[in-house]
Amino acid sequence: MLRGRSLSVTSLSGLPRWEVEELPVEELLLFEVAWEVTNRVGGIYTVIQTKAKTTADEWGDNYFLIGPYFEHNMKTQVEQCEPVNDAVRRAVDAMNKHGCQEMIKLRFEVLQNSATGGVISANIFSPSSHLLLSAHKLALPGSSTRNCKHCNLVFFRLAVESCGGSDGNCEISEHFVAQEDVVTPNGLNVKKFSAVHEFQNLHAMYKARIQDFVRGHFYGHLDFDLEKTLFLFIAGRYEFSNKGADIFLESLSRLNFLLRMHKSDVTVVVFFIMPAKTNNFNVETLKGQAVRKQLWDIAHSVKEKFGKKLYDALLRGEIPDMNNVLDRDDLTIMKRAIFSTQRQSLPPVTTHNMIDDSTDPILSTIRRIGLFNNRTDRVKVILHPEFLSSTSPLLPMDYEEFVRGCHLGVFPSYYEPWGYTPAECTVMGIPSVTTNLSGFGCFMQEHVADPTAYGIYIVDRRFRSPDDSCNQLTQFLYGFCKQSRRQRIIQRNRTERLSDLLDWRYLGRYYQHARHLTLSRAFPDKFHVELTSPPTTEGFKYPRPSSVPPSPSGSQASSPQSSDVEDEVEDERYDEEKEAEKDRLNIKSPFALSHVPHGKKKLHGEYKN
């Protein structure tokens, strides 16, 4: 029985409030520079896209985004208009006189300066202009003030890649920046990703579409129960080690061994959504989807004929003879359909023809560990080396739809300044695996007392050896496979309740404070900011859920097998409204933190995952 969300974390008003004096934005100009402005090549694109509304609400027409000029992006993401601000209009006119192209959009303003590589020259503004420059992964030549001496332009370095709220990445940033003043964790537009009370129903709907794809991909080898099949995925840039694909594949090999050894009836289908160089779709994969559609059409045709005969017999007041319901032609058609599902080869591990098939890291590792989608394998692997799209003839789903249909996102990154993929899973109510070397993982450790209870599994890759980290990831995956359907429903509800923690309405305060601090340093006679605000990112924690059991692992069976009848009985005992009310009261109660002296680094074992 699927249940909708009865109480979102938005109504669990436990987040600390922060009041700040508004800036006189009508006297200021804010420029944000990034290579990813209207250019979808990385996570910074999501940062800019989701933060734009919050920043524009504060700065209005005095907020500008600067990025590269690409003709194909200009046609689909940019609308041409005239600058409203007089200073910007004069600057654009001056740039046009020097042969620069300019395109300005209301939300994403894009300026291209061929002489300076995309950065506005400082001397095109008047010396009295108050300008702010926020840069993502941008290095200006020389010092930030030397080239801007003709105007009051300050380049405030927000650590490395905004540091992402990660202790580990702040440690990295210390080697590049003398001192990070503000840690700016990145958020999401929760209104866009939230499914209100229907997110459980959306999970069931999109899971059914993924099941249709799996039926076609594994035709002829579909000897496993799709109702007992879990869908896992990893997505992002094709960085084999940085994104943790190496440790993920190794843990899948160990998980396959455990499931086979315990004779589990649970099957795990794992998707790798990582763009790589390909020729085109794999012919065998396209054939599988064609076979599935053909069988579906045949089944509907036979069903209609059967229904008409049944209808006519009932109108005559007769019970139809079941031996005469299907004639010889129907039997012949069905036999031909069954014969068409026969295949001599194994289901392919990739959906496309890879250009560098022999040297591809993922395919090479799959060959080494032997995950070839055999019938005896309980872990099946599918590499989809292309971003998902609703117009794809193979898997016609957008990324958001695909994520909602999966059961678990796995992102065991070795280097990830923030990590938007697990954050997107969280706001959609999908549990995820991350690491304490990613900004998101460290942020959750700081804000959530028991991340695992909320569906955030954090692998220790900082203090453990690679083999120990792989074993820990395997334990997480195996424990997830042992959960019953009821436990997964409870966990998804808890995961979705963390959405407010990742909302720009909450996290945008750190960027706002960074801008206030910058102005107070550049123009101390006009701007002043209290150094004690905003609260540090370690100032608040979601307590452990008060509901019983305290975590899904607490009531797991001793083996992965579970009874469907038992799940139905357990579902009847589960009251989501009571669960949410308990958590709402629990979040408002004070949470005592063990004192950690200022400057002392947390040691291995202090975080319990």
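Residues numbered from 1 in each chain as written. Predicted model: local features only at pLDDT ≥ 70, side-chain atom pairs only at ≥ 80, totals over all residues. Heavy atoms only, no water.

This brings us to the sheet that holds strand S8 (residues 267–273). What the six strands build is an open sheet, ordered S11-S8-S7-S12-S13-S14; its pairing is parallel. What marks the edges here is a single partner per strand, and that holds for strand S11 (379–384) and strand S14 (456–459). Strand-to-strand twist in this sheet, taken as the mean axis angle between neighbours without regard to direction, amounts to 25 degrees. Here strand S12 (residues 408–410) runs beside strand S13 (residues 432–435); their pairing, made up of two bridges, is parallel. The residue of S13 that forms the bridge with Gly409 is Ser432. Across the face of the sheet, helix H7 (residues 245–261) comes into contact with strand S7 (229–235), S8, S11 and S12 while running at roughly 170 degrees to S8. (Pairing = 2+ DSSP bridges. Helix = DSSP H or I, 4+ residues; strand = E, 2+ residues; numbered from the N terminus. Axes fitted to C-alpha atoms, helices over the stretch in contact; angles between N-to-C directions. Contact = heavy atoms within 4.5 Å.)

This brings us to the pairing of strand S2 (residues 63–66). Judged by which residues are buried, S2 turns out to be covered on both faces: Tyr63 and Leu65 on one side and Phe64 and Ile66 on the other are all buried. When strand S1 (residues 29–33) meets S2, the two strands line up parallel, connected through four bridges. Paired with Leu30 across the two strands is Tyr63, which belongs to S2. (Buried < 20%, exposed > 50% of the residue type's maximum accessible area, 1.4 Å probe, protein only.)

What follows is about the packing of helix H6 (residues 199–217) against helix H16 (residues 485–496). Where H6 meets H16, the closest approach of the two axes is 11 Å, and the angle between their N-to-C directions is 120 degrees. Taken together, the axis directions place H6 and H16 in an arrangement best described as oblique. Judged by the sense of rotation from one axis to the other, the crossing of H6 with H16 is right-handed. Contacts between H6 and H16 involve Phe199, Gln200 and His203 on the former and, on the latter, Ile489, Arg492, Asn493 and Glu496. Partitioned by chemical class, the residues of the contact of H6 with H16 number two nonpolar, three polar and two charged. (Parallel < 35°, antiparallel > 145°, perpendicular 65-115°, else oblique. Left-handed = near helix turned anticlockwise from the far one by under 90°. Nonpolar A, V, L, I, M, F, W, Y, C, P; charged D, E, K, R; others polar.)

Bringing H16 into the picture now. The end-to-end C-alpha separation of H16 is 17 Å, in line with the 16 Å expected for 12 residues at 1.5 Å each. Summarising burial for H16: 11 of the 12 residues are buried, a large majority. If you check which residues of H16 are buried, you get Arg486, Gln487, Arg488, Ile489, Ile490, Gln491, Arg492, Asn493, Arg494, Thr495 and Glu496. (Expected span 1.5 Å × (residues − 1).)

Grouped together as the largest cluster of nonpolar side chains are 102 residues, with contacts concentrated most on Val214, Phe233, Leu252, Phe271, Phe272 and Phe402. Those residues in contact with Leu252 that sit more than four places away from it in its chain are Val270, Phe272, Leu371, Val379 and Leu477. In this structure, Leu29, Phe31, Phe64 and Ala87 belong to the second largest nonpolar core, which totals eight residues. (Core = buried A, V, L, I, M, F, W, Y, C linked by side-chain atoms within 4.5 Å.)

Structurally, Lys541 is set in the loop between helix H17 (504–522) and helix H18 (564–573). Taking the C-alpha atoms as reference points, Lys541 and Met444, separated by 97 residues in sequence, lie 8.8 Å from one another.

Note on pairing: side chains with opposite charge can pair once their charged atoms come close. Across all of its chains, the model carries 24 salt bridges by this definition. A salt bridge links Arg515 to Glu58, with the shortest nitrogen-to-oxygen separation between them at 3.0 Å. Separated by 457 residues along the polypeptide, Arg515 in helix H17 and Glu58 in helix H1 (residues 43–59) bring together distant segments of the chain. Residue Arg515 is classed as buried on the basis of its relative accessible area, which comes to 10%. Salt bridges here are not isolated pairs; linked through shared partners, they connect Glu250, Arg254, Arg368 and Asp467. (Salt bridge = Lys/Arg side-chain N within 4 Å of Asp/Glu carboxyl O.)

Within the secondary structure, Gln487 sits in helix H16. Relative accessible area serves as the criterion here: at 4%, Gln487 is assigned to the buried category. At 2.8 Å, the side chain of Gln487 and the backbone nitrogen of Ser484 are in polar contact. (Polar contact = N/O pair within 3.5 Å; in protein donor to acceptor, adjacent residues only side chain to side chain.)

A few words now on the environment of Val270. Assignment of secondary structure puts Val270 in strand S8. Owing to a relative accessible area of 0%, Val270 belongs among the buried residues under this scheme. Here the alpha-carbon distance between Val270 and Ile234, two residues 36 residues apart in the chain, equals 8.0 Å. Apart from the residues lying within four places of it in its own chain, the contact partners of Val270 are Leu232, Phe248, Leu252, Val379, Lys380, Val381 and Ile382.

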